[in-house]
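Architecture at a glance
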Amino acid sequence: MTPATAPVPATPRTPRLRYVYAVCRPFDGVLPEGLRAVGDQPPRLVRHGDLVAVVGAVPAEDFDEAPLRAHLEDLDWLSATARAHDAVIAALTTVTCPLPLRLATVCRDDSGVRRLLEEGHDRFVRALERLDGRVEWGVKVYAEPEPKPRPEPEPAAAPATGGGRDYLRRRLKERRGHEAGLRHAEDLARRLHDELSRHAEAATVHPPQDAKLSGAGGVNVLNAAYLVDRERGEGFVQLVRGVSEEGVRVELTGPWAPYSFAGIAEDA
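Report on the accompanying structure. Please read these numbers as outputs of a predicted model, since none were measured by experiment.

Scanning the protein from N- to C-terminus turns up eight helices and nine strands. The buried share of the protein, taken over its 268 residues, is 34%. For the protein, contacts bridging at least 24 residues in sequence account for 81% of all contacts bridging at least 6.

Bringing the sheet that holds strand 8 (residues 219-229) into the picture now. Read across the sheet, four strands follow the order 7-8-6-9 without closing on themselves; strand pairing throughout is antiparallel. Single-partner strands in this sheet number two, and they are strand 7 (202-205) and strand 9 (248-256). Within this sheet the neighbouring strands show an average axis-to-axis angle of 20 degrees, counted without direction. Strand direction decides the pairing type here: strand 7 and strand 8, joined by four bridges, are antiparallel. Across the sheet, Thr204 pairs through a bridge with Ala225, a residue of strand 8.

Now for the pairing of strand 6 (residues 134-143). Most of strand 6 is tucked away: 10 of the 10 residues are buried. Residues Arg134, Glu136, Gly138, Lys140 and Tyr142 of strand 6 are buried on one face, and the alternating residues Val135, Trp137, Val139, Val141 and Ala143, pointing to the opposite face, are buried as well. Sheet topology places strand 6 next to strand 8; 10 bridges connect them, and they run antiparallel. Bridge assignment links Glu136 to a residue of strand 8, and that residue is Leu227. Pairing of strand 6 with strand 9, which is carried by seven bridges, proceeds in the antiparallel orientation. When the bridges of strand 9 are listed, Glu136 appears paired with Trp256.

Gly254 connects to Pro255 through a cis peptide bond whose omega is 0 degrees. Mapped onto the secondary structure, Pro255 falls in strand 9. Residue Asp40 is not a glycine yet carries a positive backbone phi of 60 degrees. Of note, the phi angle at Ala104 is positive, near 65 degrees, even though the residue is not glycine. Looking at the element boundaries, Ala104 is found in the loop between strand 4 (99-100) and strand 5 (106-107).

Our focus in this paragraph is helix 8 (residues 233-241). Three or more residues of helix 8 are buried, namely Gly233, Phe236, Val237 and Val240. Taken around the axis of helix 8, the buried residues stretch over an arc of 100 degrees, which confines them to a single face.

What follows covers the pattern of salt bridges. Per the stated rule, a full pass over the model turns up 12 salt bridges. A salt bridge links Asp110 to Arg18; the shortest N-O distance between them is 2.7 Å. Separated by 92 residues along the polypeptide, Asp110 in helix 4 (residues 110-119) and Arg18 in strand 1 (residues 16-24) bring together distant segments of the chain. Each member of the pair Asp110 and Arg18 is classed as buried. Where Asp64 meets Arg108, a salt bridge forms, and the shortest distance between an N and an O atom there is 3.1 Å. Residue Asp64 is found in the loop between helix 1 (60-63) and helix 2 (65-71), and its partner Arg108 is found in the loop between strand 5 and helix 4; the two are separated by 44 residues along the sequence.

What follows is about the side chain of Asp110. The class for Asp110 is buried, based on a relative accessible area of 18%. In terms of polar contacts, Asp110 uses its side chain to reach the side chain of Arg18, at 2.7 Å.

What counts and how
Residues numbered from 1 in each chain as written. Predicted model: local features only at pLDDT ≥ 70, side-chain atom pairs only at ≥ 80, totals over all residues. Heavy atoms only, no water. Helix = DSSP H or I, 4+ residues; strand = E, 2+ residues; numbered from the N terminus. Buried < 20%, exposed > 50% of the residue type's maximum accessible area, 1.4 Å probe, protein only. Contact = heavy atoms within 4.5 Å. Pairing = 2+ DSSP bridges. Axes fitted to C-alpha atoms, helices over the stretch in contact; angles between N-to-C directions. Arc of directions from axis to C-beta. Salt bridge = Lys/Arg side-chain N within 4 Å of Asp/Glu carboxyl O. Polar contact = N/O pair within 3.5 Å; in protein donor to acceptor, adjacent residues only side chain to side chain.

Below you can see the structure in the form of structure tokens.
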């Protein structure tokens, strides 16, 4: 008698959670094929009433509460996740006006996503109304360090007592020059921010970037974001690019999805 073959137990599937990238209104456009998203899963839409959530499936072993908390301390993992998150938001801006959600916003399942849309409905709608047709531009202003003067040749017979005083005079002159340059850059930054704010729907100032972390030269005296109508974008860009003064560097980035204004509904 041939013994019965025991059934091979099925390998349990890793539970999949829902990573929520953004909330938007229903749209007709199609996201690009092959879009690299978080967890390498293509994003899809979950509709609830007059809102749509853009979601992707992610493994619970990485995005459940405990492992996610640990991953957020891993800069390499965090950087890769942020890049994938940004890629989806950037693709969304080509077909609609998204309200980006915070990095690593995760729900248990589609029901949880619909509950998120239900509970935040009024806030999401207010934000989308203010963000519709608008994009974010970033502007940074730096005080550039003065070029160091070429060292002067030492005189053949300099008095021994004069060397220390001359050195202190040079250092004092350099410090005063640095302080004057910094004040000049800060004054320009204030005037520029006021002008740009008048051409924007909203503006926000972020903390200055640390040069040690950003790798940028000079002292960051303005790190701001502006919410600008798409139709006024060209004029806004020209305003920024028209600023050119010695000892000051102005950087413009964008247009981006309005990350800095995702909470704008709270001020509505």
